[in-house]
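Coordinates in review
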Amino acid sequence: MTLAEKLQQLRDDTLVIEDPQERLAFIIDRARRIPPLSAADRSDDHRVRGCVSVVWIVCELHAGRCRFRFDANSPVVRGLLALLCAFYADATPTEIVAHDADPLAELGLLAALSPTRRNGLASARARIRDFARSHA
């Protein structure tokens, strides 16, 4: 599935929930099922700078496809990271670099966030894209 197709699928899945707060609650709830990172993965090497919340993203390449594991100390940020990492998961580095649209913005999820949270999530997305760029 291409990133454009994934984005359309995310739109179909999330935009049926009309209230933005309910949509965000749905996303946060889904992230609760994802296991946290191990203590070893919560290192400075994986820490995303520029986030008010403490955020870690582990970027990996398996058989030419990107995979991401993550954690955050804020449930809201963790939920949005889950969506962001799932969106880019299994894409090739070239696909990630070529896809400019921000899935969180496209789904209207950034509008209700504070500027510092938006900047932090932009840093997380930049980490993913930088990883992809270095492997493209």
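Let me sum up the structure you'll find in this document. Worth saying up front: this structure is predicted, and the values here are computed from it rather than measured. The residue numbers shown here count from 1 along each chain, following its written sequence. For a predicted model such as this one, the threshold for reporting local features is a pLDDT of at least 70, and the threshold for listing and counting side-chain atom pairs is 80 or more; totals across whole chains, interfaces and linings nevertheless cover every residue. Computation of side-chain values: all heavy atoms of the structure, hydrogens and water removed.

A look at the packing of helix α2 (residues 20-31) against helix α3 (residues 75-88)
Axis angles are defined between N-to-C directions and span 0 to 180 degrees, where every axis is a line fitted to C-alpha atoms and, for a helix, only to the segment in contact. Only DSSP runs of H or I reaching four residues or more are called helices, and only runs of E reaching two or more are called strands; each is numbered from the N terminus. Between α2 and α3, the shortest axis-to-axis distance is 8 Å and the interhelical angle comes to 80 degrees. Accordingly, the angle class assigned to the pair α2 and α3 is roughly perpendicular. Contacts between α2 and α3 involve Leu24, Ile27, Ile28 and Ala31 from the first element and Pro75, Val76, Arg78, Gly79, Leu80, Ala82 and Leu83 from the second. Think of it as three bins: nonpolar holds Ala, Val, Leu, Ile, Met, Phe, Trp, Tyr, Cys and Pro, charged holds Asp, Glu, Lys and Arg, and polar takes everything else, Gly as well. A breakdown of the residues in the contact of α2 with α3 according to their chemical character gives 9 nonpolar, 1 polar and 1 charged. By definition in this entry, angles of less than 35 degrees are roughly parallel, angles greater than 145 are roughly antiparallel, angles of 65 to 115 are roughly perpendicular, and the rest are oblique. In what follows, residue pairs with any heavy atoms lying within 4.5 Å of each other are defined as contacts.

Concerning the pairing of strand β1 (residues 55-62)
Paired strands, in this sense, are two strands between which DSSP finds at least two bridges. In this structure, β1 lies alongside strand β2 (residues 65-72), joined through 8 bridges in antiparallel fashion. The residue of β2 that forms the bridge with His62 is Arg65. Taking the residues that link successive antiparallel strands as the turn, the β1-β2 hairpin has 2 residues, and the phi of Ala63 there is positive, at about 50 degrees.

What about the environment of Asn73?
Its place among the elements puts Asn73 in the loop between β2 and α3. In contact with Asn73, not counting residues within four places along its chain, are Ser53 and Val54.

Focus: empty space enclosed by the protein
Here a cavity is any set of points on a 1 Å grid over the protein atoms alone where a 1.4 Å probe fits but cannot get out, and a pocket is any open set with protein on both sides within 12 Å along at least 5 of 7 lines; a residue lines the site when it has an atom within 4 Å of a point. Grid points are joined across faces, edges and corners, and a volume is the space filled by probe spheres set on the points. The final tally for this structure, using the stated rule, is 2 cavities of 30 Å³ or more. What the largest cavity holds in volume is close to 70 Å³. Together, Cys51, Val52, Ser53, Val55, Val77, Leu81, Thr116, Arg117, Gly120, Leu121 and Ala124 line the largest cavity. Contributions of two or more residues to the lining of the largest cavity are made by α3 and α6 (115-135). Tallying contributions element by element places α6 first for the lining of the largest cavity, with 5 residues. Residue composition of the lining of the largest cavity, by class: 7 nonpolar, 3 polar and 1 charged. Here the second largest cavity is characterised by a volume of approximately 40 Å³. Looking at the second largest cavity, the residues that line it are Pro20, Gln21, Leu24, Gly108, Leu109 and Ala112. When grouped by side-chain class, the residues that make up the lining of the second largest cavity number 4 nonpolar, 2 polar and no charged.

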